[in-house]
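For reference, the chains in residue letters:
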Amino acid sequence: MIDLKFSYDNALDFVPEEKINAFQQRIDDSFSALYGKTGRGNDFLGWMDLPDNTGEKIIEKIESLAKTIRSKSEVFVVVGIGGSYLGARAVIEALSHHFLHLKKNDGPAVLYAGQNISEDYLSDLLEILDNKDYSLTVISKSGTTTEPAIAFRILKNHLEKKYGKQEARLRITAVTDKEKGALKQLADEEGFETFVVPDDVGGRYSVLTPVGLLPIAVAGFSIRELLAGGAKMKKHLAESTAIGNNPVAAYAAVRNALYTSGKTTEIMVNYEPRLFYFTEWWKQLYGESEGKEQKGIFPAGVGFTTDLHSMGQYIQDGLRNLFETVISVEKPQHTLSVPHAANNLDKLNYIAGMRLHEVNRQAETGTTLAHVDGGVPNLRIQIPAVTPNVLGQLIYFFEMACAVSGYLLGVNPFDQPGVEAYKKNMFALLGKPGFEKETEAIRKRLG
Ligand code: PA5
């Protein structure tokens, strides 16, 4: 039994059940294309088998290295961008203490670099690392991505200055292609510990490879449970492709039915701040997979009730091209109630003694009803709690739904040709060798 419940009752005022069910044949075809590896991008389907194909040898190697890193590091820096860091960050932040950086003796704090080119960001990081024992992993499938390459160059120099070349080498792990790319060559030359990103797994589908598993294990969370959750979802989804029985079929059908009814923006909503980076991971997965050929649902994200005080007005009352997908968590990890106050100046005594979670749940129900009344269809994914196993289920659920949705939309959900455009201009402007023609053209354009 899976732990995720998907419901779309609050979308039925906007798309009739028949329109959703009309997707069944194409859903069946999409599943067949995925299982039979006959659809677009079928050389990038390795992620489908990761939950039960990640061998014991890799798991043990990750766990043993994580133990060593944890024993000698106050900080662990994950250097990567896009699919090479968001999955790890989504899981780590979902499972961590909210204020881990201020807590002691809980293993290394995980910090991130290489996901921007900000001089101030990296300078602040170096200032922290000056006074901390740290290790790092550099993650890049291509091994040539500019942002992590710059950050890694700087951090490698910093590590070598701090510990000497020999010890620095032992504090660096590279996760990259098995044979191509500058990072692979450097790792071989310098003798870093390495892990391989499988050829048939694209960045945004790679959280259940060492790309995600190593940082998650270093943060102290069970990668076995995460994989077990993925395997549970995989098995469940293989049992039936019927919209009524398979939550991926239902989610893919409803969101595509909404899309074809003019609901072109999907807002992922959570009521738990620990899920902020899960939404960021989801945004990349769906944005990069579906947004192509002038098509695709725009994936946005909000955290409630926080953003009800900033984005609530727009969602309630702005352009009616939105629908929401709420991840609703049944049980928090702690217990905290609203205290009674003798003077009751804030007039809160009517909820004195009530759990904060109960207040949060009523806010969720009230918001859903208000948004539905305002013209925003609401999809709901309910999970019992945020655990490694449940996160594994959610990850596999969203990956499969993304693949099926992409096929329904008629795009290749596994490539990202549009990402190259900014790189070409940036390289031309920076004067990268080999980009002379583009440099000339861009100079003319800028005058
Ligand atoms: O999903 C993707 O393919 C991208 O987000 C990549 O993960 C990202 O661009 C980083 O690429 P690389 O791992 O090659 O450095």
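Shown above is the structure to which this text applies.
Quick look at the structure, then. Owing to the predicted nature of the structure, the values given are computational and were not obtained by experimental measurement. (Residues numbered from 1 in each chain as written. Predicted model: local features only at pLDDT ≥ 70, side-chain atom pairs only at ≥ 80, totals over all residues. Heavy atoms only, no water.)

Let's talk about helix H2 (residues 24-35)
Next, step 1: In this model H2 runs 16 Å from its N-terminal to its C-terminal C-alpha over twelve residues, within 8% of the 16 Å that 1.5 Å per residue would give.
Next, step 2: When H2 is considered as a whole, its buried residues turn out to be Ile 27, Ser 30, Phe 31, Ala 33 and Leu 34. Relative to the axis of H2, the buried residues are bounded by an arc of 160 degrees and lie together on one face.
Next, step 3: The elements touched by buried residues of H2 are helix H12 (247-259) and helix H16 (388-409).
Next, step 4: Within two residues after H2, Lys 37 carries a phi angle of roughly 55 degrees, on the positive side. (Helix = DSSP H or I, 4+ residues; strand = E, 2+ residues; numbered from the N terminus. Expected span 1.5 Å × (residues − 1). Buried < 20%, exposed > 50% of the residue type's maximum accessible area, 1.4 Å probe, protein only. Arc of directions from axis to C-beta. Contact = heavy atoms within 4.5 Å.)

Considering the site of the ligand
Next, step 1: Taken together, 13 residues surround the ligand, and among them Ser 84, Ser 140, Ser 142, Thr 145 and Gln 284 come closest.
Next, step 2: Here an oxygen atom of the ligand and a side-chain polar atom of Ser 140 are 2.6 Å apart.
Next, step 3: Here Arg 204 contributes a backbone N or O atom positioned 2.8 Å from an oxygen atom of the ligand.
Next, step 4: Expressed as a share of its isolated accessible area of 380 Å², the protein-covered part of the ligand is 87%.
Next, step 5: Split by residue class, the shell around the ligand holds one nonpolar, nine polar and three charged. (Near = heavy atom within 4 Å. Polar contact = N/O pair within 3.5 Å; in protein donor to acceptor, adjacent residues only side chain to side chain. Areas by Shrake-Rupley, 256 points an atom, 1.4 Å probe, with all protein chains shown as cover. Nonpolar A, V, L, I, M, F, W, Y, C, P; charged D, E, K, R; others polar.)

Description of the sheet that holds strand S4 (residues 134-140)
Next, step 1: The sheet built from five strands is open, its strands ordered S3-S2-S4-S5-S6 with parallel pairing. The sheet terminates laterally at strand S3 (109-113) and strand S6 (193-196), the two strands that pair on one side only. Averaged over all pairs of adjacent strands, the angle between their axes in this sheet comes to 20 degrees, without regard to strand direction.
Next, step 2: Bridge count for strand S2 (residues 75-79) against S4 is five bridges, and the pairing is parallel. Across the sheet, Phe 76 pairs through a bridge with Ser 135, a residue of S4.
Next, step 3: In this fold helix H7 (residues 146-163) packs onto S2, S3, S4 and strand S5 (172-176), with an angle of close to 155 degrees to the strand it touches most, S4. (Pairing = 2+ DSSP bridges. Axes fitted to C-alpha atoms, helices over the stretch in contact; angles between N-to-C directions.)

Examining helix H6 (residues 119-130)
Next, step 1: End to end, H6 covers 16 Å across twelve residues, agreeing with the expected 16 Å (1.5 Å per residue, within 8%).
Next, step 2: Of all the residues in H6, the buried ones are Leu 122, Leu 125, Leu 126 and Leu 129. Down the axis of H6, the buried set is contained in an arc of 100 degrees. They therefore lie on one face. With respect to the buried face of H6, the exposed residues turned more than 90 degrees away are Asp 120 and Glu 127.
Next, step 3: Tucked into the core, H6 has its buried residues touching S2, S3, S4 and H7.
Next, step 4: The N-capping residue of H6, defined by a side-chain oxygen 3.3 Å from the backbone nitrogen of Asp 120, is Ser 118.

Topic: unusual backbone geometry
Residues apart from glycine generally show negative phi values, whereas peptide bonds are mostly found in trans.
Next, step 1: The peptide bond linking Phe 304 to Thr 305 adopts the cis configuration, its omega dihedral lying at 5 degrees.
Next, step 2: Examined against the element boundaries, Thr 305 turns out to sit in the loop between strand S8 (298-303) and helix H14 (312-317).
Next, step 3: One non-glycine residue, Asn 344, lies in positive phi territory at about 50 degrees.
Next, step 4: Examined against the element boundaries, Asn 344 turns out to sit in the loop between strand S9 (322-329) and helix H15 (356-373).
Next, step 5: Judged by relative accessible area, which is 22%, Asn 344 ranks as partly exposed.

Overview of the nonpolar core
Next, step 1: Among the nonpolar cores identified, the biggest contains 97 residues, and Trp 47, Phe 278, Trp 281 and Phe 398 are the most heavily contacted of them.
Next, step 2: Top element by residues in this core is H16. It accounts for 15 residues.
Next, step 3: Among the domains, domain 1 (5-40 + 227-409) and domain 2 (46-226) are the pair contributing at least three residues each to this core.
Next, step 4: Residues contacting Phe 278, with those up to four places away along its chain left out, are Ala 90, Ile 327, Leu 391, Leu 394, Ile 395 and Phe 398.
Next, step 5: Counting residues in each nonpolar core, the second largest holds 21 residues, with Val 75, Leu 125, Leu 126 and Leu 155 among its members. (Core = buried A, V, L, I, M, F, W, Y, C linked by side-chain atoms within 4.5 Å. Domains from an automatic or database assignment.)

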